[in-house]
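Secondary and tertiary structure notes
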Amino acid sequence: MITGKRLVISALVLALVQIGFLSWIIAGRAAILRNGKEVLLKIEPVDPRDLLRGDYIILGYDISRIPVKMIANTPPAKLSSDDTTIVVRLNKGSDNYWQPTAAWFGKAPTPAAADEADISGHVAEGWDLRGEEATIAPDYGIERFYLPEGEGMAIQNDMRVRPFGIRLALAGDGTAQIKALVDGDKTLFEEPLY
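Here is a short report on the structure shown in this document. Note that the structure is predicted; figures quoted are calculated from it, not measured. (Residues numbered from 1 in each chain as written. Predicted model: local features only at pLDDT ≥ 70, side-chain atom pairs only at ≥ 80, totals over all residues. Heavy atoms only, no water.)

Describing the overall build of the protein
- Along the protein, the regular secondary structure elements total two helices and 12 strands.
- In the protein, the order of α-helices and β-strands from amino to carboxyl end is α-β-β-β-β-β-β-β-β-β-α-β-β-β.
- Counting only C-alpha atoms and orienting by the principal axes, one finds that the protein spans roughly 70 × 45 × 35 Å.
- When burial is assessed residue by residue, the protein has 39% of its 194 residues classed as buried.
- A separation threshold of at least 6 residues defines the contact pool for the protein, and within that pool the share at least 24 residues apart is 65%.
- When the accessible surface of the protein is totalled, it reaches about 11500 Å², and 58% of it is carbon and sulfur.
- In the protein, 21 side chains carry a positive charge and 26 a negative one; their mean positions are 6 Å apart. (Helix = DSSP H or I, 4+ residues; strand = E, 2+ residues; numbered from the N terminus. Buried < 20%, exposed > 50% of the residue type's maximum accessible area, 1.4 Å probe, protein only. Contact = heavy atoms within 4.5 Å. Areas by Shrake-Rupley, 256 points an atom, 1.4 Å probe, with all protein chains shown as cover. Lys, Arg positive; Asp, Glu negative; His and termini not counted. Charge placed at Lys NZ, Arg CZ, Asp CG, Glu CD.)

Focus on the sheet that holds strand β6 (residues 98-105)
- Pairing is antiparallel across the open sheet formed by three strands, whose spatial order is β6-β5-β7. Edge strands, defined here as strands with exactly one partner in the open sheet, are β6 and β7 (116-123). When the angles between neighbouring strand axes are averaged without regard to direction, this sheet yields 30 degrees.
- Pairing of strand β5 (residues 84-92) with β7, which is carried by eight bridges, proceeds in the antiparallel orientation. Following the sheet pairing, L90 is matched in β7 by A117. (Pairing = 2+ DSSP bridges. Axes fitted to C-alpha atoms, helices over the stretch in contact; angles between N-to-C directions.)

With respect to the packing of aromatic side chains
- As enumerated under the stated definition, the model contains one aromatic pair in all.
- Centroid distance F21 to W24: 5.9 Å. Interplanar angle 35 degrees. Geometry classified as tilted. Placement of both F21 and W24 in helix α1 (residues 2-35) is noted, with a separation of three residues, approximately one turn of the helix. (Phe/Tyr/Trp six-rings, centres within 6.5 Å; stacked < 30°, edge-to-face > 60°.)

Let's talk about the side chain of Q177
- Tracing the backbone through its elements, the reader meets Q177 in strand β11 (residues 176-183).
- With residues near it in sequence (within four places) discarded, Q177 still touches R29, I32, L33, I142, R167, L168 and A169.

Right under this line is the structure:
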């Protein structure tokens, strides 16, 4: 009888730990969306469909390809190591879209000014950092946006004729969350906090 009680208590404790962990993840995402610095990035579609999850667009940004010459602290080995962190500094352009202006592996040497924002991503192992024309492709975790069923193809076609953007929320450490998909000044889809 005692082992049965211990088993039930252990199962309840494990369930509470799992619920707490999931709540922590959701609350962290919601905190970034609610309190993060908002930036707008211009996007280009890449692919409209996932057979298991429905319509989506893979998003490409101006920050999707970073010229190596923009990275201030290129390592002497001249190859990126496993899962290297990169910080890209953004400035707001005259068209209201934010553009990359500088980048660093690891951390930025100075905090972003009030009119700047830092986004952090990861660079996979093996990118060649030699040469003036070399570029790398960081992963920021904002490269996919899921849409309601049947909406993906129409939006992708519209993206080819006029500019669309993604409104992001950036945490103080540069972690990004997508807030909304916008068509000019019109918000098409907004992500819920929870």
